[in-house]
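Structural description and commentary
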Amino acid sequence: MQIEGFEYRDVKVAEDVSLHTAIAGSGPAIVLLHGFPQTHLMWRHVAPRLAATHTVICPDLRGYGASSKPADGYAKRTMAQDVVNLADALGFERFALAGHDRGALVAFRAGLDHPDRITDLTILDVLPTLDMWEVLHGVDATVAFHLYLMAQPRPLPEQLIAGAPDAFFGFFLDLWGITPFDPEIKAAYLQASREAIPSIVADYRASASTDIDHDRADRAASRTLAMPTTVVQQDWGAALGFDAAALWRPWAPALTHRTVTSGHFMAEDDPELITEVLLAVSRN
Amino acid sequence: MHGSRRNGLPAAFGGFEAHRLTTRRGTINAVVGGSGPPLLLLHGYPQSLLMWHATAPRLARRHTVVVTDMAGYGDSFRPAPSFGHEAHSKRALALDQVEVMDRLGFDTFAVAGHDRGGRVAYRMALDHPGHVSRLAVLDIVPTGDVWARADAALARGYWHWSFLALPAPLPERLIAGDPDAFFDLHVRGQLGLGEDPERYPLELLDAYRRPLTDPGAVEAMCEDYRAGATIDVEHDELDRAEGRRIACPLLVLWAAHGSLPRFYGDPLDVWRPWAADVRGAAVDASHFMAEDRPEETAGHLLAFLGA
């Protein structure tokens with residue numbers, strides 16, 4: 001599957017790492033980063049609309065989809081460097097950056113590490129890694145079982161997931177959305193995830209260790225996101241007993257926070273809304 | 001009563017007699033041995049009555065020891081999964097065992113439970129104070145306290161609590177996909193079962209491994225944990241709110257090398273609000289203390305029961 005009207009390139013961003021990237025349009029650049037358990041295809045409804053006014057760049061993250069899957073290098077800091085290198089390779093000094101889920105964690109890290117490169121940041125449906133671990137408590141914390149499972153040492157999670165990959169990845173695709181996925185796109189996500197088990201687990205394992213350390217160091221140093229930041233989230237703070245906007249504000253002095261009623265897969269549940277959010281960011 | 005279908009029973013249970021006991025919900029598998037005041041032994045996850053093989057004979061010198069498989073485990077009946085997980089609640093599992101003791105003619109008895117069996121044992125003491133004379137729990141704090149104090153560090157350390165409590169059939173399918181990975185990397189590698197090969201003959205480890213390839217056994221195990229994340233917590237919270245406490249003397253044993261000291265410091269502090277008479281000790285063992293250190297575990301239990 002491809003995003004219609006997009007050109008595909010494998011762009012080298014590091015030694016032995018190329019990102020499989022869909023590109024279309026012209027004008028200011030916006031990079032869109034996908035989440036778990038997905039690929040760049042999650043932007044298939046939003047990206048063509050943005051391409052009318054922007055150069056739209058949709059890579060598969062390192063370790064996902066048709067991008068390289070090295071054994072190591074899944075700290076969000078490394079994955080954020082991939083994104084900056086991708087923009088370099090495509091000739092964009094500055095760019096808008098939007099991410100969903102895992103991609104939003106990469107975007108968050110890129111915003112902190114590369115403030116001079118990113119004009120605007122849009123974050124879809126995550127908390128920063130450090131805050132996420134801090135809000136999990138009590139019996140409600142079982143909702144994040146995949147974080148705990150994939151935090152376990154190699155090769156336990158890899159082997160358990162490999163024993164029934166479609167049951168595992170399909171669980172999230174079925175649970176987190178509102179509109180069920182069409183069989184064709186669901187099959188594409190399942191196949192891509194099935195072929196990326198070690199790297200997906202490595203991405204999550206990094207978020208249980210290295211990524212927390214990086215967030216903590218930034219918090220201690222009062223480093224914040226220098227660019228306008230828009231965060232769009234479901235209201236799961238209500239269920240877990242926290243105020244998402246209050247958790248985001250210390251990280252993003254120029255914060256626009258929106259709570260929406262769409263499901264987690266909001267760029268697919270409600271592409272009009274997410275397109276509108278991204279165009280509004282660019283207008284301001 | 002003889003001619004039990006249980007096979008692979010370690011020689012240590014040689015003096016014990018096999019029983020199949022009818023309760024209102026189903027048939028409970030048991031072995032009974034020794035003489036003296038009655039003592040019920042309940043096993044944990046993911047095991048069966050076999051886990052008491054080295055401890056029970058020592059206890060049988062002074063007690064009539066009843067060792068059972070809890071509903072869903074071993075060769076006991078498997079309750080059908082129920083909405084709300086009542087069928088696998090510790091309340092339901094405890095009632096089965098009270099009926100077992102009644103069938104054997106014991107109205108009042110002591111109970112010792114390890115791990116999930118410890119949860120059934122303390123629930124029994126709360127629900128049936130007239131039947132339980134003494135309570136020993138091995139390497140647990142109450143379910144309600146586990147969750148009330150759970151943070152991300154605990155959720156990661158006890159990842160199987162969240163995992164097994166997921167809606168059916170996800171954990172069932174992931175375990176079925178690679179039961180050996182689950183047993184070797186989680187049960188053995190993480191929980192520490194079978195570290196000393198002298199204590200754990202291959203035949204015994206095979207007996208613990210085998211249920212993980214049995215869909216009904218895995219389903220029951222998951223339902224036990226689903227109840228543990230829902231209805232069991234409600235029962236504990238209600239008792240706490242209404243000030244119900246354990247009326248009999250309580251012995252708490254915990255593994256010095258297990259997770260309790262790491263997460264709770266002194267586990268007795270967690271238990272004290274639950275009972276007036278609380279005592280306990282750390283055992284120099286892994287979580288599977290009754291098999292790692294049967295002499296020491298039996299010694300603590302005998303001292304407590306004889307006191």
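What you see is a predicted model, and the numbers here were worked out from it, not measured in a lab. (Residues numbered from 1 in each chain as written. Chains lettered and ligands numbered in written order. Predicted model: local features only at pLDDT ≥ 70, side-chain atom pairs only at ≥ 80, totals over all residues. Heavy atoms only, no water.)

What follows is about the UniProt feature "domain: AB hydrolase-1" (unreviewed entry) in chain A. Within the UniProt annotation, "domain: AB hydrolase-1" (unreviewed entry) is assigned to residues 28–269 of chain A. The annotated region residues 28–269 of chain A carries 46% helix and 14% strand content, and the separation between its end C-alpha atoms amounts to 26 Å. (UniProt positions renumbered as here; feature names shortened; annotations may be inferred. Helix = DSSP H or I, 4+ residues; strand = E, 2+ residues; numbered from the N terminus.)

What follows concerns the nonpolar core. Of all hydrophobic cores here, the largest spans 216 residues; its most connected members are Trp43 of chain A together with Phe182, Ile246 and Trp271 of chain B. With near-sequence residues (within four places) excluded, isoleucine 246 of chain B lies in contact with Tyr122, Ala125, Leu126, Leu135, Trp271, Trp274, Ala275 and Ala276 of chain B. (Core = buried A, V, L, I, M, F, W, Y, C linked by side-chain atoms within 4.5 Å. Buried < 20%, exposed > 50% of the residue type's maximum accessible area, 1.4 Å probe, protein only. Contact = heavy atoms within 4.5 Å.)

Moving on: the UniProt feature "domain: AB hydrolase-1" (unreviewed entry) in chain B. With numbering aligned to this structure, UniProt lists the feature "domain: AB hydrolase-1" (unreviewed entry) at residues 37–154 of chain B. Secondary structure content for residues 37–154 of chain B is 34% helix and 19% strand, while the C-alpha to C-alpha distance between its ends is 39 Å.

Here the focus is the sheet that holds strand E2 (residues 27–33) of chain B. All names here are of chain B. Across the sheet, eight strands lie side by side as E1-E2-E4-E3-E5-E6-E7-E8; this open sheet has mixed pairing. Single-partner strands in this sheet number two, and they are strand E1 (17–22) and strand E8 (278–283). Put simply, the sheet's adjacent strands are angled 20 degrees from each other on average, direction ignored. Of the strands in this sheet, strand E3 (38–42), strand E5 (109–114) and strand E6 (132–138) touch helix H3 (residues 116–127), which is tilted by about 145 degrees from E5. (Pairing = 2+ DSSP bridges. Axes fitted to C-alpha atoms, helices over the stretch in contact; angles between N-to-C directions.)

This next bit is on helix H14 (residues 271–283) of chain A. The end-to-end C-alpha distance of H14 of chain A, which contains 13 residues, comes to 18 Å, matching closely the 18 Å that a straight helix rising 1.5 Å per residue would cover. Along H14 of chain A, the positions that sit buried rather than exposed are Pro271, Leu273, Ile274, Thr275, Val277, Leu278 and Val281 of chain A. (Expected span 1.5 Å × (residues − 1).)

On the chain A side, the residues contacting the 22 residues of chain B number 23 residues. Of the roughly 2100 Å² buried at the junction of chain B and chain A (both faces included), carbon and sulfur atoms supply 75%. In this structure, the connection of chain B to chain A is made through zero salt bridges. Applying the counting rule to chain B against chain A returns four residue pairs in polar contact (both at pLDDT 80 or more). Every element with two or more residues in the side of chain B that touches chain A is listed here: helix H5 (152–157), helix H6 (159–164), helix H7 (170–177) and helix H8 (179–188) of chain B. Its residues assigned to classes, the side of chain B that touches chain A comprises 14 nonpolar, four polar and four charged. (Buried area = accessible area lost by both parts, 1.4 Å probe. Salt bridge = Lys/Arg side-chain N within 4 Å of Asp/Glu carboxyl O. Polar contact = N/O pair within 3.5 Å; in protein donor to acceptor, adjacent residues only side chain to side chain. Nonpolar A, V, L, I, M, F, W, Y, C, P; charged D, E, K, R; others polar.)

Quick look at the side chain of threonine 39 of chain A now. Residues and elements named next belong to chain A. Along the chain, threonine 39 falls in the loop between strand E3 (29–33) and helix H1 (47–50). By relative accessible area, threonine 39 is classed as buried at 5%. What threonine 39 contacts, discounting residues up to four positions off in sequence, is His34, Asp60, Gly65, Tyr189 and Ala192.

Residues and elements named next belong to chain A. An order of E1-E2-E4-E3-E5-E6-E7-E8 is seen for the eight strands of this open sheet, with the pairing classed as mixed. Of all the strands in the sheet, just strand E1 (7–14) and strand E8 (255–259) have a single pairing partner and so form its edges. Strand after strand, the sheet turns through a mean of 20 degrees between neighbouring axes, direction not considered. Pairing of E1 with strand E2 (residues 17–24), which is carried by seven bridges, proceeds in the antiparallel orientation. Each residue of the ladder has a partner; that of arginine 9, found in E2, is threonine 21. Relative to the sheet, helix H2 (residues 76–90) contacts E1, E2, E3, strand E4 (55–59) and strand E5 (95–100), its axis offset from that of E1 by approximately 120 degrees. Sitting on the sheet, helix H3 (residues 102–113) is in contact with E3, E5 and strand E6 (118–124), with an inclination near 150 degrees to E6.

By the definition in use, this model includes 43 salt bridges over all chains. Lysine 76 of chain A is the salt-bridge partner of aspartate 211 of chain A, the closest N and O atoms lying 2.7 Å from each other. Of this pair, aspartate 211 of chain A sits in helix H10 (residues 210–220) while lysine 76 of chain A sits in helix H2; the two residues are 135 residues apart in sequence, bridging distant segments of the chain. Of the two residues examined, aspartate 211 of chain A and lysine 76 of chain A, each falls in the buried class. Its salt-bridge partner being glutamate 99 of chain B, residue arginine 24 of chain B comes within 2.9 Å of it at the nearest N-O pair. Highlighted residues: arginine 24 of chain B in the loop between E1 and E2 and glutamate 99 of chain B in helix H2 (residues 90–103), separated in sequence by 75 residues. Judged by its relative accessible area of 66%, arginine 24 of chain B is exposed. Members of the salt-bridge network, linked through shared partners, are Arg91, Arg123, Asp127, Asp236, Asp239, Glu242 and Arg244 of chain B.

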